[in-house]
Amino acid sequence: MPKYSRIIATSLFAVVFGLIPSVSFAQSTLNGETAFILNTFMFLMAGTLVMWMAAGFSMLEAGLVRAQNTATICLKNIVLYAIAGVMYYLIGYKLMYVDVPEGGFIGSFSLFYNPSAEELALMAAEDGADAAEAAAVYGSSDYSRMSDWFFQMVFVATAASIVSGTVAERIKLWPFLIFVAVLTGFIYPIQGAWSWGTGWLDAMGFSDFAGSTIVHSVGGWAALTGAIILGPRAGKYGADGRIHPFPGANMPLATLGTFILWMGWFGFNGGSVLALGSAKAATAMSVVFVNTNLAAAAGCIVSMIYAALRFGKPDLTVVLNGALAGLVAITAGPDIGNPAIAMLIGAIGGLLSTIAIPLFDKVKIDDVVGALSVHLVAGIWGTLAVAIFSTGDYLAQIAGILAIGVFVSITSSIVWIVLKYTIGIRVDERHERYGLDHAEVGLEAYPDFEIRRAGG
Amino acid sequence: MPKYSRIIATSLFAVVFGLIPSVSFAQSTLNGETAFILNTFMFLMAGTLVMWMAAGFSMLEAGLVRAQNTATICLKNIVLYAIAGVMYYLIGYKLMYVDVPEGGFIGSFSLFYNPSAEELALMAAEDGADAAEAAAVYGSSDYSRMSDWFFQMVFVATAASIVSGTVAERIKLWPFLIFVAVLTGFIYPIQGAWSWGTGWLDAMGFSDFAGSTIVHSVGGWAALTGAIILGPRAGKYGADGRIHPFPGANMPLATLGTFILWMGWFGFNGGSVLALGSAKAATAMSVVFVNTNLAAAAGCIVSMIYAALRFGKPDLTVVLNGALAGLVAITAGPDIGNPAIAMLIGAIGGLLSTIAIPLFDKVKIDDVVGALSVHLVAGIWGTLAVAIFSTGDYLAQIAGILAIGVFVSITSSIVWIVLKYTIGIRVDERHERYGLDHAEVGLEAYPDFEIRRAGG
Amino acid sequence: MPKYSRIIATSLFAVVFGLIPSVSFAQSTLNGETAFILNTFMFLMAGTLVMWMAAGFSMLEAGLVRAQNTATICLKNIVLYAIAGVMYYLIGYKLMYVDVPEGGFIGSFSLFYNPSAEELALMAAEDGADAAEAAAVYGSSDYSRMSDWFFQMVFVATAASIVSGTVAERIKLWPFLIFVAVLTGFIYPIQGAWSWGTGWLDAMGFSDFAGSTIVHSVGGWAALTGAIILGPRAGKYGADGRIHPFPGANMPLATLGTFILWMGWFGFNGGSVLALGSAKAATAMSVVFVNTNLAAAAGCIVSMIYAALRFGKPDLTVVLNGALAGLVAITAGPDIGNPAIAMLIGAIGGLLSTIAIPLFDKVKIDDVVGALSVHLVAGIWGTLAVAIFSTGDYLAQIAGILAIGVFVSITSSIVWIVLKYTIGIRVDERHERYGLDHAEVGLEAYPDFEIRRAGG
Amino acid sequence: MKMVMAVIKPFKLDDVREALTALGVEGLTVTEVKGFGRQKGQTEIYRGAEYSVSFLPKVKIEIAISDDMEEQVVEAIQEAASTGRIGDGKIFVYDINNAVRIRTGESGQDAL
Amino acid sequence: MKMVMAVIKPFKLDDVREALTALGVEGLTVTEVKGFGRQKGQTEIYRGAEYSVSFLPKVKIEIAISDDMEEQVVEAIQEAASTGRIGDGKIFVYDINNAVRIRTGESGQDAL
Amino acid sequence: MKMVMAVIKPFKLDDVREALTALGVEGLTVTEVKGFGRQKGQTEIYRGAEYSVSFLPKVKIEIAISDDMEEQVVEAIQEAASTGRIGDGKIFVYDINNAVRIRTGESGQDAL
Ligand SMILES: Nc1ncnc2c1ncn2[C@@H]1O[C@H](COP(=O)(O)OP(=O)(O)O)[C@@H](O)[C@H]1O
Ligand SMILES: Nc1ncnc2c1ncn2[C@@H]1O[C@H](COP(=O)(O)OP(=O)(O)O)[C@@H](O)[C@H]1O
Ligand SMILES: Nc1ncnc2c1ncn2[C@@H]1O[C@H](COP(=O)(O)OP(=O)(O)O)[C@@H](O)[C@H]1O
């Protein structure tokens, strides 16, 4: 991930020292300030697209829960996005990116992450006298510091959004939000330091371009432990071993959510080029966009065909999951040079997630929206695929998957269990039947609509 | 607001006169044409995000009205966006920005605002011979003229969207649209000329970066006068002083609307840097994005906690309002250097709006979606906060708040009253009970759904 | 359409050969690499907006069908977007753009369209040694090859989305998807080669900036032949000649879809400038944004007024169609210098589409969402408008409209008919009455809601 | 025992419920229904095509009462639900043989 | 007076209403219901798990009529609602003691 | 013949249906209703304003049966639907004169 930005750093160096970059010697012919602006603006635009994914998760999950739990999932999703931002500002970013020792395990424990002094000086400078300040800024960094923070922040929120879908329809609001705070303030940043923060996994050669493992599987592991510790929804698994599905209440919302996620993923993967200030970065970003789209398309199509053959019907919810699984799968290596291979990676991602959905049910792990199949299963697959099809190293990839999996599972379990035995994590069964919206939020999601099956 | 663009104007000047900008003398090292392109593209991208806010208001309001009034609010919101654009093109932009005397009150009264002659010449130029035309364009302006128009236009639409939410569920369609035409063609642009148009408020030092007062409170005052003159919805306030809430029909839509607004706000505040053609502008924009996000997050979290403590339940609609109040509050000064203070400003915004919601009910001002609490109350707070935490001047801030408040309230009241005593502004009570969708639009928003409480 | 990009090609040429572009001789003063980056990034951002239109079509159509067919239309829309991408990658793009003989009819029949060798080399280059590779890339192309592919691909998907709305509520899933594959892999690309691929229509002077005919009417013709061959929905046209409308189930979704399309259209028309690397391109893009917005606004307002006068009520669905018709109409010539004329073009587009809606019903062509009125009628109008108001040539415009209309109608009819007499294209009447969601997808779109009129 | 079934205008539901509570009625069951009667539905236009909505939204109330309350209950409903405009609805009364409270198993009068 | 209560397939509603109007019936009340009967619901699959939908959407019609119309009304419904396929529904008839028109207070036959 | 009409808690529907099927009941009709009774609705707060939800979601079941099954059916429902908590609902029984199967035209007992 940090590759594409170094090129600009070097050329910026040249500018600061008054050298005019020339085609034959520098890596990029761009004016240093221009590169700084492009990188920064790219982070902001891509970050906005990733922020939008929070809405995508909300709509997907709001569409896939029952009507009686819809307001609760909406509340959780918007608040978790808020909490993720605050926690990452308070502590998370520094744990992940600041002063991580080379090959180390964790960054700085100090609070707040603010604009640099140079940037503040530049912003405060008189319009007619800020040349030196400007040079100080773009000479020392490839992009504005807070633009990077913004981009990294929205990634944390994604990891948290994944959890909410799996544990929906039975978890209490407040303990869930506490979990989110710990996940986004500590668990995610610490494991992030190992790779993107240039810690020990990075040193080992672990390669996860935009976070199949670092973001998606992390959310997946946290969700998996939550689902196990929390248990399935009341009535989901019959005494006779039969599964009683609770169909999602609003299919167009779920579809909208998937489209939003697909759109946002261009920012997620594209922005992970981490630069726009060179032809190389722009080219890489184009390839990333195309691969991202084709992998999603392949996952979508394959899951539809598989569902039609295996289940007898091309279940829409499975197809939506399939497209997302294609996206998760390509996330570890969207810069691969051959789009046909990206399609293959996405197709296998979609297939695996579709196969996984009933398997989780078989072992009675109740995943309301399929987040485990999509983010965990396809996330692992995508990370391995970098070794299979690209420059990744098998050992490093497996080490990364395992280390992160173990770390997140253990830390998450501890948090879930502490919550369980202190304030409790599960709403009581009567409330569950009656709907979390009444019990936890105090209003109905669709009060004017005659709703079937709402308990009493 | 105009600060960050001047820097480029100056360097463009250098280019036009054949000087090659150099790091040591110019404020920006960018090629003039590059800066022109970046500024222009930024306006277009940010403007697109702000345009998207019109959809956000639509969904928020469609979610917070009753099912029987949903199609009407959808119709109003898309048509008001259309009218805002047309009126601003016909007359509004020139009133606000063209030939406003320094320290003056109003711009030009002439019709239409078109591309400049230089730009038309450039567009018409043969591809091989347009160098001179190009230089004429980027030498005389920092950005393409219509890109700025586009960006300013979407702001007007925002002000109009605010009104529709407050007066929903009882106002007639056509008078409402006439009000919108006057608001966007005259009232908004005239007060806008005082500050952003470099009129007397600007001369006084009034500081409102992206429009806490100039956009949001303006919409708020117009909505407030409308709500008072129109009166509350039938049955809202019982004879016994009891309040009978009419819960919003579609919570996921309201949540989606809030996410859309949150996303669009990055364009709203970020684009208000008004430039991208320098490291200074890019840095400022990054800071603006971060502050905008943290203020919203803080408003969201604080309003949830307050609602849980005060009302007993973390009412989702209040939390959505709280996030928006955080956004409105930071809008006057999103370029503040310390994100922690942005959080504080947003948190207080969220708190104030949540406190205000029942107060408006207490005085029987019926605000369907909470627009007054969000846009007026938090807008005033945000404008004051610039004086408290930043470089703003207390006197100027208060002067701006009062002057604009008085002007908009008086002119809006006149328009509402004229409409009331001519064509009437209120649907008759039977239609109100039966639903505006039947009476005003002639269709149902959800015809296939069994709806509760629809009158007959 | 290719105009605005040539300017940069020329300046890039200069850079490659070591000439420093100067204000007085070159068409653009931009550094070649900067222009390459800007063009590329513009394609990616605009393409993302156009991709988003697929969600817009989904929501519009999901809102305008009955509840019992909602999941099916969602499934069709997401899968058609996936198929469009895959087919265009496999074969379509090359048919359209690669090796089209000057004035010819069709491009290359070879499979896959991948990054160029130069781009792969650049991406693989060491960070410290890629200057030559970079120069090879931006010296030979104005933009990264895959960014253009991405932008062109999302256009194909748009054409396919148009079809799904017209033939909704009665067509079988799988034959529909096969049709989409043929349309996006062959029919669309072949006619596209004639104009945008620099084939014979381009040579004739046919001018269709962003595709009123090439995209929208193509979708329209394919939809028209489908609607005729498929026949109307059961019960739509009574034996007595009476029309029995089936109101769309979800108006806020339809409104959201329209807003999404409106937003995406800035990418559709704006991105069709095909460059951002010069002041000329940036200026043109600004004008395009403004015209696009004003044409939509005018279409929206005019259709509302016409519907109110003619039908007695300002039917929301007609107003949504009107805004879209304004957009389709301006798509052929959004670079016109006078926005007032853009408004006029949009207004007439909105008017024509509103007039057309009942006419199609009169001849018993059952168009569920109004796609024929919007995309076909307004598409033809917009293409002619280029001759009336702008530099277009009447003969060339008419030739283009006719040639493409005839070609698409014939080829589409063949495909529809073959499908009809092999696997069949129509669900049986009982399933149609009961809802396609049960028969084709195996789930309900709104299972928790009490639905009226669902058959049994 | 009697069952009183009334079809009324939806916005009158609260008034009727209050009137009944005042009489000492302790329970009732409400159903959303659509009514067809002398009150004609509107003619609507959808996308330029006219169609008539024959059914209007109504609310059905079912109240099981002891025989002696029939008269007052019917009267109370009639008064509370009346607007004097067409479409106000109907009240029907019929005998029921038995009533059981599920929670306790009580039956007859005691179950109401 | 009699109350005729029919449970029919939803898409037959308009046919039944027309048949009844032709007989001079001036009012009826319609409820969306779900039916369980000999007609089995489909087995659906959601995310790979089978489940059976036991209930099928039906429409319930209630028509209060004078005693002498019972036969024709039942017959008309039966004819109009029949498709000959399983699940066509049932008609039930029971006595009602009284009917009141809320608007006017009229009762008995006159209220219908 | 008898009509048994029961108002129960929604989540008990499947239990009741199974209990009835076990008795040989072959059909029933279900309606979503709202109940008002001794079980009080919650006081909700919306945007800071309190209001009471007087009506609670319930499900109404109608089962036409032959006279001799009345007792067992009522008992079965009562048992299956009971939670022992307030709001469990009511069962009402009344006579019906006739029943017709629309598909075949059969009437009386045979139609059930
Ligand atoms: N014969 C009937 N049987 C059942 N319901 C009826 C009957 N007549 C009327 N209704 C119900 O009463 C409602 C009002 O009846 P309508 O004839 O429109 O007005 P009014 O009661 O004022 O004469 C109808 O919408 C319908 O629900
Ligand atoms: N005993 C009954 N009591 C009440 N409703 C019944 C009864 N039997 C059937 N129904 C209703 O009639 C509908 C059709 O019945 P079903 O047995 O499926 O077909 P058919 O009427 O053709 O024999 C059922 O869905 C249910 O709503
Ligand atoms: N007199 C009545 N007539 C009709 N329905 C009633 C009557 N009393 C109660 N019900 C229905 O039964 C439900 C349960 O009654 P309630 O008094 O709350 O509890 P319980 O049955 O446990 O005493 C109510 O919600 C209502 O639907």
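Here, the structure is the one placed above.
Along each chain, the written sequence defines residue order, and numbers are assigned to residues from 1. Going through the entries in the order they are written, you letter the chains from A and number the ligands from 1. In keeping with the model being predicted, local features are shown solely for residues with a pLDDT of at least 70 and side-chain atom pairs are shown and tallied solely at 80 or more, while totals for entire chains, interfaces and linings include all residues. Only hydrogens and water are removed before side-chain values are computed, so all heavy atoms of the structure are retained for them.

A.B. asks: Help me understand the relation of the copies chain A and chain C in this model?
C.D. replies: Mapping between the two copies of the chain is achieved by a rotation about an axis and a shift along the axis. For the pair chain A and chain C, the superposition axis carries a translation of 0.0 Å, the fit reaches an RMSD of 0.0 Å, and the rotation angle comes to 120 degrees. This pairing of chains is accounted for by a three-fold axis. Using C-alpha coordinates, one finds that chain A approaches the rotation axis most closely at A:Glu450, a distance of 3.2 Å. The fraction of interface residues of chain A whose copies in chain C are also interface residues is only 15%, indicating that the copies meet through different surfaces. The superposition of copies rests on a least-squares fit of C-alpha positions from residues with pLDDT of 70 or more in both. Note on contacts: a residue pair qualifies if any of its non-hydrogen atoms lie within 4.5 Å across the two residues.

A.B. asks: Teacher, can you tell me more about the relation of the copies chain E and chain D here?
C.D. replies: By a simple turn and slide, chain E fits onto chain D: the slide is 0.0 Å along the axis, the RMSD is 0.0 Å, and the turn is 120 degrees. Take the interface residues of chain E: only 17% of them recur as interface residues in chain D, which is what a contact between different surfaces looks like.

A.B. asks: Would you mind going over the site of ligand 2 with me for this structure?
C.D. replies: The environment of ligand 2 is formed by 21 residues, the closest being E:Arg38, E:Gly87, F:Thr29, F:Arg101 and F:Arg103. For each residue, the test is whether any non-hydrogen atom lies within 4 Å of the molecule or strand; if one does, the residue is near. Of the chains in the model, those with residues near ligand 2 are chains E and F. E:Phe36 is positioned such that a nitrogen or oxygen atom in its backbone is 3.3 Å from an oxygen atom of ligand 2. Between N or O atoms, a polar contact is any pair within 3.5 Å; within protein, one atom must be a potential hydrogen donor and the other a potential acceptor, and residues adjacent in sequence are included only when both atoms are from side chains. At 3.4 Å, a side-chain N or O of E:Lys90 approaches a nitrogen atom of ligand 2. Out of a free accessible area of 550 Å², ligand 2 has 99% covered by protein chains. Only DSSP runs of H or I with at least four residues qualify as helices, and only runs of E with at least two residues qualify as strands; both kinds are numbered from the N terminus onward. Secondary structure elements with two or more residues in the shell around ligand 2: β2 (28–36) and β6 (89–95) of chain E together with β2 (28–36) and β5 (56–65) of chain F. Looking at the shell around ligand 2, its residues break down into 7 nonpolar, 7 polar and 7 charged. A 1.4 Å probe and the Shrake-Rupley method give the accessible areas. Residues count as covered only by the protein chains that appear here. Only Asp, Glu, Lys and Arg are considered charged, only Ala, Val, Leu, Ile, Met, Phe, Trp, Tyr, Cys and Pro nonpolar, and every remaining residue, Gly among them, polar.

A.B. asks: Before we go on, may I ask you to explain the pairing of strand β1 (residues 2–8) of chain F in this structure?
C.D. replies: Residues in a regular strand project their side chains so that they alternate between the two faces of the sheet. Residue and element names in this part refer to chain F. Exposure classes here rest on a 1.4 Å probe applied to the protein chains alone. A residue is buried below 20% of its type maximum, exposed above 50%, and partly exposed in between. Here β1 lies mainly inside the structure; 7 of its 7 residues are buried. Where burial is concerned, the two faces of β1 agree: the one with Lys2, Val4, Ala6 and Ile8 and the one with Met3, Met5 and Val7 are both buried. Being paired, for any two strands, means DSSP has found at least two bridges between them. The pairing of β1 with β5 spans 7 bridges and is classified as antiparallel. Bridge pairing links Met5 to Glu62 in β5. Pairing of β1 with strand β6 (residues 89–95), which is carried by 7 bridges, proceeds in the antiparallel orientation. The residue of β6 that forms the bridge with Met3 is Tyr94.

A.B. asks: Looking at this structure, I do not really get the packing of helix α3 (residues 70–97) of chain B against helix α6 (residues 145–166) of chain B. What am I missing?
C.D. replies: When two helices pack together, their arrangement is given by the angle between their axes and by how far apart the axes lie. Residue and element names in this part refer to chain B. At their nearest, the axes of α3 and α6 sit 8 Å apart, and the two run at 130 degrees to each other. One finds that α3 runs oblique with respect to α6. Here α3 runs over α6; the crossing is right-handed. Residues Ile73, Asn77, Leu80, Tyr81, Ala84, Gly85, Tyr88, Tyr89, Tyr93 and Tyr97 of α3 form the contact with α6, whose participating residues are Asp148, Trp149, Gln152, Met153, Val154, Val156, Ala157, Ala160, Ser161 and Ser164. A per-class count over the contact of α3 with α6 returns 14 nonpolar, 5 polar and 1 charged. Axis definition: a line fitted to C-alpha atoms, limited for helices to the stretch in contact. Angles are taken between N-to-C directions and run from 0 to 180 degrees. Angle categories: roughly parallel below 35 degrees, roughly antiparallel above 145, roughly perpendicular from 65 to 115, and oblique for all the rest. By the definition used in this description, the sense in which the near helix is turned from the far one sets the handedness, with an anticlockwise turn below a right angle giving left-handed and a clockwise turn giving right-handed.

A.B. asks: Which parts of the structure should I look at to understand the environment of B:His438?
C.D. replies: Inspection of the secondary structure assignment puts B:His438 in helix α17 (residues 436–441). Residue B:His438 is classed as buried on the basis of its relative accessible area, which comes to 9%. With 260 residues separating them along the chain, B:His438 and B:Ile178 place their C-alpha atoms 21 Å apart. Beyond its immediate chain neighbours, meaning those up to four positions away, B:His438 contacts B:Leu443, B:Glu444, C:Lys313, D:Gln42 and D:Glu44.

A.B. asks: Sorry, what's going on with the interface of chain A and chain C here?
C.D. replies: Counting residues at the interface gives 74 residues for chain A and 75 residues for chain C. Buried area: the accessible area, evaluated with a 1.4 Å probe, that two parts lose upon being put together, summed over both parts. Here chain A and chain C share an interface that buries about 6,000 Å² over both sides, 75% of which is from carbon and sulfur atoms. If you sort the residues of chain A by the area they bury against chain C, A:Phe259, A:Lys280 and A:Arg452 come out on top, with a joint share of 13%. Salt bridges are counted wherever a side-chain nitrogen of Lys or Arg sits within 4 Å of a carboxyl oxygen of Asp or Glu. Taken together, chain A and chain C are joined by 2 salt bridges. For A:Arg452, the salt bridge goes to C:Glu444, with nearest N and O atoms at 3.4 Å. Our enumeration of links across chain A and chain C arrives at 15 residue pairs in polar contact (both at pLDDT 80 or more). Breaking the side of chain A that touches chain C down by element, the ones donating at least two residues are α1 (3–16), α2 (32–64), α10 (251–271), α11 (279–311), α12 (316–330) and α13 (339–362) of chain A.

A.B. asks: Help me out: how do you make sense of the side chain of B:Ser286 in this one?
C.D. replies: When you line up the elements, B:Ser286 lands in helix α11 (residues 279–311). For B:Ser286, a relative accessible area of 0% translates into the label buried. There is a polar contact of 3.2 Å between the side chain of B:Ser286 and the side chain of A:Ser144. Discounting chain neighbours no more than four positions away, the residues touching B:Ser286 are A:Thr40, A:Leu44, A:Ser144, A:Met146 and A:Ser147.

A.B. asks: Even after reading the chapter, I still don't get the site of ligand 3, so can you show me in this structure?
C.D. replies: Near ligand 3, the surroundings consist of 21 residues, among which D:Thr29, D:Arg101, D:Arg103, F:Arg38 and F:Gly87 are the closest. Residues near ligand 3 are shared among chains D and F, making this a multi-chain site. For ligand 3, an oxygen atom lies 3.3 Å from a polar atom in the backbone of F:Gly89. For ligand 3, a nitrogen atom lies 3.3 Å from a polar atom in the side chain of F:Lys90. Notes on ligand 3: free accessible area 540 Å², of which the protein chains cover 99%. Secondary structure elements with two or more residues in the shell around ligand 3: β2 (28–36) and β5 (56–65) of chain D together with β2 and β6 of chain F.

A.B. asks: Sorry if this is basic, but what is going on with the interface of chain E and chain D here?
C.D. replies: In many analyses, interface size is given as the accessible surface area lost on bringing the parts together. Of the residues lining the interface, 29 residues belong to chain E; the matching set on chain D comes to 32 residues. Counting the surface lost from both chain E and chain D, the interface buries some 2,400 Å², and carbon and sulfur atoms represent 57% of this. Our count for the contact surface shared by chain E and chain D stands at 3 salt bridges. With its nearest N and O atoms 3.1 Å apart, the salt bridge here joins D:Lys34 to E:Glu32. Taken together, the links from chain E to chain D amount to 14 residue pairs in polar contact (both at pLDDT 80 or more). Only α1 (13–23), β2, β5 (56–65), β6 and β7 (98–101) of chain E provide two or more residues apiece to the side of chain E that touches chain D. The biggest single contributor to the side of chain E that touches chain D is β2(E), with 5 residues. For the side of chain E that touches chain D, the residue count by class is 12 nonpolar, 8 polar and 9 charged. Pairing geometry for strand β6 (residues 89–95) of chain D and β7(E), over 4 bridges, is antiparallel. Within β7(E), the residue paired with D:Val93 across the bridge is E:Asn98.

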